[in-house]
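Residues per chain are reported as follows:
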Amino acid sequence: MAKPIALAADHGGFELKEAVKAHLDELGLEYIDFGTHSTASVDYPDMALPACDAVVSGQCDKALLFCGTGVGISMAANKVKGIRACCCSDSFSCEYTRRHNDANVLALGAGITGPNLAKRMVEIFLSTEFEGGRHARRVALVDSIQP
Ligand code: RB5
């Protein structure tokens, strides 16, 4: 059985998270929403951590993170050992960060990416497999930078 998807956002990403959540409902995909639950101001590192911890612990395979740009929350996520977060604003990057980087976190910026593109990017991110092979060696090298 598929594991739930971890979701988290700061206030800047809250509405995009809600739009993506509705799309996951339509797709019948389970998720755990680690907040935030309103547009009241919160700090994106605080929001990123519980969702990333859920991935590292194995409770979830992947997380979707949202902030104003996707940048801050992806920077916080990439500080967590075992997390490979990609801040994406296009479908091609979403596909290849799965195929080549085995990214386990996708970060989206609500000020950059509209809801329709975000939904498509999430579908691509969730359905694209890692290719392994030579890419596995490179991903291991990336992971070895933060032992
Ligand atoms: C919050 O104002 C904003 O800085 C945040 O959502 C994000 O864009 C940070 O990278």
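Scroll up to find the structure this text is about.
The structure displayed is predicted, hence computed values, not measured ones.

Rules used in this analysis
Residues numbered from 1 in each chain as written. Predicted model: local features only at pLDDT ≥ 70, side-chain atom pairs only at ≥ 80, totals over all residues. Heavy atoms only, no water. Core = buried A, V, L, I, M, F, W, Y, C linked by side-chain atoms within 4.5 Å. Buried < 20%, exposed > 50% of the residue type's maximum accessible area, 1.4 Å probe, protein only. Helix = DSSP H or I, 4+ residues; strand = E, 2+ residues; numbered from the N terminus. Expected span 1.5 Å × (residues − 1). Contact = heavy atoms within 4.5 Å. Salt bridge = Lys/Arg side-chain N within 4 Å of Asp/Glu carboxyl O.

*Asks:* Please provide a residue-by-residue account of the nonpolar core, values included.
*Replies:* Judged by nonpolar contacts, the single largest core of 20 residues is most densely connected at Ala-63, Leu-65, Ile-73, Ala-77, Ile-83 and Val-105. If you look at the next biggest cluster of nonpolar residues, it comprises 19 residues, including Leu-7, Leu-24, Ala-118 and Val-122.

*Asks:* Describe helix α1 (residues 14-27), listing the residues and the values that go with them.
*Replies:* Because each turn of an α-helix spans 3.6 residues, side chains separated by three or four positions in sequence point in the same direction. The terminal C-alpha atoms of α1, which comprises 14 residues, lie 20 Å apart, in line with the 20 Å expected from a rise of 1.5 Å per residue. Every buried residue belonging to α1 is among Phe-14, Leu-16, Lys-17, Ala-19, Val-20, Lys-21, His-23 and Leu-24, and all of these are buried. Looking at the packing, one finds that the buried side of α1 touches β1 (5-9), β2 (31-33), β3 (63-67), β5 (105-109) and α5 (115-127). Downstream of α1 by one or two residues, Gly-28 has phi in the positive range, about 75 degrees.

*Asks:* Describe the pattern of salt bridges, with residues and values.
*Replies:* Between side chains of opposite charge, a pair can form when the charged atoms approach closely. Under the definition given, this model contains eleven salt bridges. Among the ionic pairs, Asp-61 bridges to Lys-3, the shortest N-O distance being 3.6 Å. Here Asp-61, found in the loop between α2 (44-57) and β3, pairs with Lys-3, found in the segment before β1; they are 58 residues apart in sequence, far enough to count as distant. On the accessibility criterion, Asp-61 (45% relative accessible area) is partly exposed. We classify Lys-3 as partly exposed; its relative accessible area is 38%. The salt bridge involving Arg-84 is made with Asp-102; its shortest N-O contact spans 3.3 Å. Of the two residues, Arg-84 sits in the loop between α3 (71-77) and β4 (85-87) while Asp-102 sits in the loop between α4 (91-99) and β5, which places them 18 residues apart along the sequence. Through salt bridges with shared partners, a single network forms among Lys-17, Glu-18, Lys-21 and Asp-33.

So yeah, pure geometry; function would need other evidence.
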